[in-house]
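One-letter residues, chain by chain:
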Amino acid sequence: MGDDPDDDSSSSPLLSQLLSQSSSSSSSQPSRLQMRFERSNIVSPAVHIKRAVLAKRQKEAWEARSKMARVNQVVMYRRYRVGELPDIQLKTQDIILPLQALARRDPAMAGKLFCVLFDRLFSEISDIEKQSYTIQMRDHVQKVLQRNYKGTSNTVFVGSMLRIAHQHLQLTPDPITIGEGSVRSNNFPTGVILLEAMLNYSGGGAGGASATNATATLPVADDASTSKRKRSSRNSTGNSNAAAASSLSKSGSGISQDAFENSNLLPDKAESDWNQLARLYKSLREDDILLGISEKISRTTTTRQALENELKGDWATALRIYEEGLSHLDEPGYNWESSASSSSYSKSGNSSTDSHAPTPSEIEQWEEGKLVCIEKLGKWDALRQHTLMEVPDPQDLFGEQYIVPYLRHFITSHIKEEKNWPELFKFLDCLSPEQRDILELRYPADLAIVSVVRQDFDRARHFVMKYHHTFVEEWAPLHPLATSARHRKLQTLQNVVEIDEFLQFVGHESNFRSQAPLKRLLSSWSSRYPDSKEDDVTVWEDVTAHRILYMQILREKFARLCNDGGELEGGISMNWVHEFLNTHKRQSYHMMAIAARKMNNLHVADFYLRLVIKSSPQLTFPIVQSLVKLYTMKARASTDETDCIDKFVKALKFIEGKRNDATLKVELHHQQPMFLLLGKMYSEIFELCINHGPEKIDRAAKAVGLTIAGSTPQRVQEEIFSQAHKWLQKAVDLSDESSASVASGSSGLSGFGEDDESASSSSSSSSSSTIIDKIVTRDKSHLKFGKFCDHVLKTREAQPTSSSSSNTMATGKETDFGQNREVLGSSVVSNVLDAMRHGSEGAIYMIPRLLEIIGTYPRLAQEFAHKVRGIPSWMFIRWISQMLSLLDKPEGGALLGILTDLAQTYPQALYYPFKISSETLVLTAPKIVANLERILIRPYPLLDQFTQHLEIMTHPEHRFKDHMDALKNLIKASPRDDQAIIAMFKEISADVFTEKRPLFGDYNISFAKKHSSEWYSACGQEGQKLIKLDLKKFQDFIVGMMNKHKMASGTMKMKLKEFSLWLTEFEMANHPSSQYIELPGQYTGLSKPIPDDHIKISSFDPDVLVMGSLRKPKRLKIRGNDEKDYPFLVKGGEDLRLDQRVQQLFSVMNEALATDQACCKRKLWVRTYQVIPMTSRVGIIEWLNNTKPIKELIEHQLAVHYNTNKFELSKLEAGAEHHRWLGHYGNNNSGPGPLYQAMFVKANRADTTAKVARQYEIVPSNLLQRAIWSLASSPESYLYIRNQFARTLATFSICSYIIGIGDRHLDNFLLHHKDGGLVGIDFGHAFGTATQFLPIPELIPFRLTRQFTSFLQPLDAQGLLTHNMTYALAALQRPASKDILLNVMDVFVKEPLLDWQKLAARLAKEQRGTGTSSSSTKGDDNAKWFPRKKIEIAKQKLEGYNPAHITTTEIKYSVHGGTSYEASLFAIVKGDAKVNIRARVGPVCKSPKEQVECLIDQATDPNILGRTWAGWAPWV
């Protein structure tokens, strides 16, 4: 230990002696090779056998002893069974003693046991004694939560006390004690649950309903504890914040006490509860809930706006807001109302509370927030000054009112600045033993750093060990779902680990004798940085600052060990040490700057980039790139248009000035990224030209000395476009050259401009990482160029086409912006396909756009077909449906090669989509269908048989009915097509009435035997009688035949053999290895498939579960060759392409949400599942395990509420109340349609709202909340489930609104048991058809009824719903996301669904009958106009249109358009301007937040919910 392995062996005499002995004896001993093959004459084999036997016996004896030791560790307190009876002889102690032993070993179990015992004992106390005992116990609970406040808290014990208080609210201490105890002990979820229960108990929650069984008054924090800290700096001048706040109510310009009492602000007690709840949610990092609480309790814009900027990471703006608010407190008689109306930070809609002065707790929040902002900005001197201003005497920091957070701020601010170290050392040396113990308990990691600074390494090791001991004690009891508490504990771990690594390094002198140990240490640090998404900026700063400190100490120690010539032992040069440490120092600074920029902390990013530049001998490209990115981020963050443009232009000037820098030219592998950066910068400036005009760009450029060629604004814009195009093209060209050089083994790259010599004289790196970097950059270059050209193309397409531009396009000459549309389209196609060829995942999402381009510009189809060669066909799997829909279009030929390759390489990926599309393509593109069938269908007969037998799993009654609907249309057609009728007759006979069909299934055969004679008797053996039947006789025949066979109702189990013997008898082993069926749904298109690894169908479970719904879908379990079961729902008689396309849209939306920072942080996504349409008549849907319909959960809670075994929603008195109310406006016997239509016209808002209020009184509001509690095992799991439910509800609501999903009754929502996520199912009504075609139109955008909102109490929709909805909608409305979604939706136009064609024909017929047919429906094909209108409405939603405007548009183009009640529907949807925000907003909303507010307003409007179809149960 301590010896260098690289030292010369001659330095050890003993080693030299051994080596000499070895060499002298080597000649007399046999070599190792000889010994391997020659039998040893020294030791006999028997000796080895004896040794092996002895070793085996010793091992067996050791294992026996170990087993006995483990057995002896189990203490047997009493055997379960004594005598004949096992239970009755057990005593109480026989139960208590084992539990007691278990509690000693498991702290979590001890906490649960303690709660159960307390609850039982407390319930045994008599009512007479309970009152006095309650007061005593409340004091005890209070003391427990306050105990050890200055040290570490027992997490389990404090959590147990909080749980006890939650079970018995009369024992609850004051809110501040709960908040501080929860934070100190890491019991955030338990504290949250307790505070929320207190708010619900006292009526301070969102619902405002107080507890009805209150038996005690909850405690209220006294004035002394409400604002604990005494701010000496303000008290000394007589202008404390609290005094300033209280003086406001007394001054003439302030708010009077009477006005305060008459306002709707929260009382002090409720405000204290909410403040502590906000504190805990901040610790849990629940930003959206925190914002919601702030909007609820804040009286000023200062609190809300500062908090919003904090959560965005804009700490500089938040600090400015806090300082502005605090400065006004020292102004006597300050007019807060005028400040609110003129504040630059105020927002519309918040003026109702802006006139009120801030409360003392708000002021305290400002001061704490100010200190936090200073810390996040790294202003350590300012943090020190503010701390000492509040606590002039550092010894007072240990007082209860200052220890949080000023003690930590004091230590941190002094550690980070070297000039403050002497003051810190003096403070630590003067501590009393009690104070030192507090520090060691709370801040062992900081004390370890202080010891390192003082180079007291032994004491530092002591504090590291202390930290590890404390960490283990506090980590062990944390619940696995307490992710925030765990993350909070882990954030300091990396620092301590690196302290330990540093201490180990300096503890061995051998580490200073060679380069290898130092390289290993710094290399491990370089590969281990915090996460810029998960970790806070302070964590990054701690890691960075401490590493710089360690490197400085190492530099000094190396310097002390070197000789006069600057050399160390082992030949290490001090110059090398300096250079090596400086390189890692610059890297640490640079990584810190990048992380701060990603966290939107531009101040810290700017500070560390300056340090990078200061410590760098020359300006390298990565530094230039970081500077440009920082410049552009500052520009985008600017709210002033002129300032934004100026910053962009300055960034452009900077990068133009560095373009020909000699130091950058040497770095050949950075040339192509430099071109890409230039192109990106010019493209940003071009975007500014379009949005703000080229005149402003030109003016800003001239102001900074940057010349842009062009005498007119138009020429300036063209020049900027030309520059963007040039540099992006150069980046692409250079990437292609790089690709060729990598492929051919060349190591050279072309240089900048004319200077090629530097490139030829330098050799590029041949490492694999350099090659990967080239590939990644090449991928980015092509994709960036393609997206830029596409953006310009869309801009051009949005402009009206003049005759001159048309002529220019025809000639192919350049037009404005440099190129014509077709040339731009060619650039898009070429570059996106090149990016795909290089493996770009982002390019895959542009395939729908490419399909649109080649459809718009047919001449590009040939280029597409040429460029697509060589691209892996699996990259197109995701868009098979879109490509198949174009096969009969002019551009279809360009896609045939891809589809042929897919058919040959991945036949089962294409089989089912092609089979269903071929039903229509066979008429329009018969040759293409025949070619693909030859490759795809004929070689795989098993797939065809599988599909056919899934079709006959549909009940024959339903198959017969579906056939009759089609036959009815043929019979009533004029003129009749007799051949088509005969063909349909034969198809029906073969499908339903063939008694001897092979492997048909018992149920199918039974139906055929029972009804075939009647069928042939009525229609004739060849269908000749059917031709002569008129429509009335035909309908009578159908009704009579169907009435004779009634199907069983309800969910039931049946045998698979009753429907298909082929499926029952199927065994994969009975077929050749080349014939197999893959489990459907394995081709996602997200990665390259490996069919050999795919799961194959081995057999089918003999039992099926028949659902009780109308179409009797069946759950079929497929047995895979991996010995697992895969359940699917087989749905017959439906075209599942709509569901499949909806799932595809959801998956695309998920990708858009995943690329948005705010949505990714909150994990916003929609749970999707596989939908595989196989024909237009059958398909299968992935069965979701571990789920239950929300309707079942609520009905179970209703049964508990009414103390019955079972309860159905339809039996609720609220439903009867709804029908009684409807009866006032019409005759109940007239049918639901006329009855509701009369109600729309006659019922007013007041009557409807009053009816809804009566229904709400009948139905408990917290049924869903109870159901969630029943699934949760702890407060942590409850909060996790609730948050998951709320986030998935918010995301699904927005995504389903964009797609127009309707019919959202409670059966169509599932709750996932494992994570609480919401799952939407059954999308039969999409794109607004529930509004347009249901007899009672749906007028709401999504379901957000009382159970969904009350589930969040005491929080309201602001916290968990509104903000998440806003983030999701904003992500989907980004131009890139919107374009992809609209391109994917285009398949509905290219390949309209059969159901949509029927709806379009029905709508055209009914509107012609009412005389309201639009010009679109008259002049265009209904089959195309209908889906185009649907996509147009979806586009309007993505463009921010008011949802009320969207709904009225859908009503106008519906079966309700032009009716007598249309005007009433319009009035209901638009709302009342006095009540509804949607009525005050114009046709287009100003922001996603305003659009979400309108959506929630429409979804929760009682005037709409009260008129909704009763089967939807809007009162639940």
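Residues numbered from 1 in each chain as written. Predicted model: local features only at pLDDT ≥ 70, side-chain atom pairs only at ≥ 80, totals over all residues. Heavy atoms only, no water.

Axis separation between helix α28 (residues 493-506) and helix α30 (residues 537-561) bottoms out at 10 Å; the angle between their running directions is 5°. Taken together, α28 and α30 sit at an angle that is classed as roughly parallel. Note on element contacts: α30 touches α28 through D542, V543, H546, R547, Y550, I553, L554 and K557, opposite Q494, N495, E498, I499, F502, F505 and V506. Residues belonging to the contact of α28 with α30 are distributed by class as follows: eight nonpolar, three polar and four charged. (Axes fitted to C-alpha atoms, helices over the stretch in contact; angles between N-to-C directions. Helix = DSSP H or I, 4+ residues; strand = E, 2+ residues; numbered from the N terminus. Parallel < 35°, antiparallel > 145°, perpendicular 65-115°, else oblique. Contact = heavy atoms within 4.5 Å. Nonpolar A, V, L, I, M, F, W, Y, C, P; charged D, E, K, R; others polar.)

This part is about the confidence of the model for the chain. For the chain, the average pLDDT comes to 81, and 83% of its residues sit at 70 or higher. Looking over the chain, one finds the lowest element-wise mean pLDDT in helix α13 (residues 257-262), namely 33, and the highest in helix α77 (residues 1502-1505), namely 96. Here residues 220-266 scores under 50 on pLDDT; set against residues more than four positions off or in separate chains, the count is 78 contacts. Note on residues 742-776: pLDDT is under 50 here. Beyond four places in sequence and across chains, it has 36 contacts. (pLDDT = per-residue confidence, 0-100.)

On to the pattern of salt bridges, then. All chains considered together, the criterion is met by 56 salt bridges. Across the pair D790 and K794 runs a salt bridge, and its minimum N-O distance is 3.4 Å. Placement of both D790 and K794 in helix α40 (residues 768-798) is noted, with a separation of four residues, approximately one turn of the helix. A salt bridge links R1254 to E1217, with the shortest nitrogen-to-oxygen separation between them at 2.8 Å. Here R1254, found in helix α62 (residues 1245-1258), pairs with E1217, found in helix α60 (residues 1213-1223); they are 37 residues apart in sequence, far enough to count as distant. For E1217, a relative accessible area of 13% corresponds to the buried category. Overlapping salt bridges bring together D790, K794, E797, R849, E852 and D1379 as one network. (Salt bridge = Lys/Arg side-chain N within 4 Å of Asp/Glu carboxyl O. Buried < 20%, exposed > 50% of the residue type's maximum accessible area, 1.4 Å probe, protein only.)

Our focus in this paragraph is the nonpolar core. Membership of the largest hydrophobic core comes to 378 residues, with the highest contact counts inside it found for V452, F502, F864, F946, L950, I1190 and L1372. Sort the elements by how many residues they give to this core and helix α64 (residues 1275-1299) lands first, with 13 residues. F502 has contacts with V452, F457, W525, Y550, I553 and L554, leaving out every residue within four places of it along the chain. Within the second largest apolar cluster, 19 residues are counted, among which are I971, I988, F1007 and F1034. (Core = buried A, V, L, I, M, F, W, Y, C linked by side-chain atoms within 4.5 Å.)

With that settled, consider the side chain of K1378. The residue K1378 is located in helix α68 (residues 1375-1385) in this model. The side chain of K1378 sits in the buried core without any salt bridge; E1439 is the nearest counter-charge, 4.2 Å away. Among residues more than four places away in sequence, those in contact with K1378 are L1372, Q1373, L1438 and E1439. (Lys, Arg positive; Asp, Glu negative; His and termini not counted.)

What follows deals with the pairing of strand β3 (residues 1114-1120). Burial along β3 is one-sided: K1114, L1116, I1118 and G1120 are buried, and none of R1115, K1117 and R1119, which face the opposite way, are. In this structure, strand β2 (residues 1097-1106) lies alongside β3, joined through six bridges in antiparallel fashion. When the sheet's bridge partners are listed, V1106 is paired in β3 with K1114. The pairing of β3 with strand β4 (residues 1125-1132) spans six bridges and is antiparallel. Counted as the bridge partner of I1118 is Y1126 from β4. The antiparallel pairing of β3 with β4 creates a hairpin that spans four residues between the two strands, and E1123 there sits at a positive phi of about 65°. (Pairing = 2+ DSSP bridges.)

Moving on, we come to the side chain of E822. Relative to the helices and strands, E822 is located in helix α42 (residues 821-837). You can call E822 buried: its relative accessible area is 19%. Once you skip the residues sitting within four places of it in the chain, E822 turns out to touch Y857, R859 and L860.

Attention now goes to the packing of aromatic side chains. For the coordinates displayed, the defined rule picks out 48 aromatic pairs. Centre to centre, the rings of W525 and Y550 are 5.6 Å apart; their planes meet at 50°, and the pair counts as tilted. Of the two residues, W525 sits in helix α29 (residues 515-526) while Y550 sits in helix α30, which places them 25 residues apart along the sequence. Each member of the pair, W525 as well as Y550, carries the same accessibility label: buried. Where F607 meets Y608, the ring centres are 5.2 Å apart and the plane angle is 90°; that geometry is what we call edge-to-face. (Phe/Tyr/Trp six-rings, centres within 6.5 Å; stacked < 30°, edge-to-face > 60°.)

In space, the six strands of this open sheet follow the order β1-β2-β3-β4-β6-β5, with antiparallel pairing throughout. Edge strands, defined here as strands with exactly one partner in the open sheet, are β1 (1052-1055) and β5 (1171-1173). Going from strand to strand, the sheet's axes swing by 30° on average, the running direction of each strand aside. In the packing of helix α50 (residues 941-951) onto the sheet, the strands contacted are β2, β3, β4 and β6 (1178-1182), and the crossing angle to β6 comes to about 90°.

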